[in-house]
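Examining the three-dimensional arrangement
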Amino acid sequence: QVHLVESGGGVVQAGDSLRLSCTAPARTFGRYNVAWIRQAPGKEREFVAVTDRTGRITKYADSVKGRFTISRDIDGSAVHLQMNNLQPEDTALYYCATKVPGASEYNSWGQGTQVTVSS
């Protein structure tokens, strides 16, 4: 398990950008796949993006592809989500989560950071 802390959320207007960050102690991100997952009020959790341990392999949900970019610091200290051209439907609580390669479930979750996009 890893203690994760998300930051960077806020209230913005449609078309604006935000950069979310997820940090963990002891520069441990290099040991895990790291994903961003969001949940809007009244809806189930939705996968947003994921990066492998090296950052060479990334995947995105169709709803954010071309607008969001996931990246990780080479020292393993943080993972980021650059969100451009935000839309009201992006409004949600955004979580980062870690996963041991080959595991079926994520082993650690942060408390989330709120992103609110108004039109």
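These figures come from a predicted structure and were not determined experimentally. (Residues numbered from 1 in each chain as written. Predicted model: local features only at pLDDT ≥ 70, side-chain atom pairs only at ≥ 80, totals over all residues. Heavy atoms only, no water.)

**Structural notes on the packing of aromatic side chains**
- This model, assessed by the stated rule, comprises two aromatic pairs.
- When the centroid spacing of 6.0 Å and the interplanar angle of 80 degrees are considered together, the rings of Y95 and W109 count as edge-to-face. Here Y95, found in strand β9 (residues 92–99), pairs with W109, found in strand β10 (residues 108–109); they are 14 residues apart in sequence, far enough to count as distant.
- Look at Y95 and you get buried, because its relative accessible area is 16%.
- Where Y106 meets W109, the ring centres are 6.0 Å apart and the plane angle is 70 degrees; that geometry is what we call edge-to-face. (Phe/Tyr/Trp six-rings, centres within 6.5 Å; stacked < 30°, edge-to-face > 60°. Helix = DSSP H or I, 4+ residues; strand = E, 2+ residues; numbered from the N terminus. Buried < 20%, exposed > 50% of the residue type's maximum accessible area, 1.4 Å probe, protein only.)

**Regarding the environment of G110**
- Considering the arrangement of structural elements, one finds G110 in the loop between β10 and β11 (113–118).
- Taking the C-alpha atoms as reference points, G110 and L4, separated by 106 residues in sequence, lie 4.6 Å from one another.
- Other than its neighbours up to four places away in sequence, G110 contacts L4, E6, Y95 and C96. (Contact = heavy atoms within 4.5 Å.)

**Topic: the state of the cysteines**
- Taken as a whole and judged by the stated rule, the model has one disulfide.
- Across a sulfur-sulfur distance of 1.9 Å, C22 and C96 are joined as a disulfide pair. In this structure the cystine formed by C22 and C96 twists about its S-S bond by roughly 50 degrees; its chirality is therefore right-handed. On the criterion of sequence distance, the pair formed by C22 in strand β3 (residues 18–23) and C96 in strand β9 is long-range, its members being 74 residues apart. You'll find C22 and C96 in the same group, each marked buried. (Disulfide = S-S within 2.5 Å.)

**Focus on unusual backbone geometry**
- Positive phi is not limited to glycine here, since N85 has a value of about 50 degrees.
- The class for N85 is partly exposed, based on a relative accessible area of 40%.

**Some points on the nonpolar core**
- Counting 27 residues, the largest nonpolar core has W36, V48, F68, L81, M83 and Y94 as the members making the most contacts within it.
- Looking at this core, the elements with two or more residues in it are β3, β4 (33–39), β5 (46–51), β7 (68–72), β8 (78–83), β9 and β11.
- Once residues lying within four places of it in the same chain are set aside, the contact partners of F68 are R38, V48, Y60, L81, Q82, M83, N84, L86, D90 and Y94. (Core = buried A, V, L, I, M, F, W, Y, C linked by side-chain atoms within 4.5 Å.)

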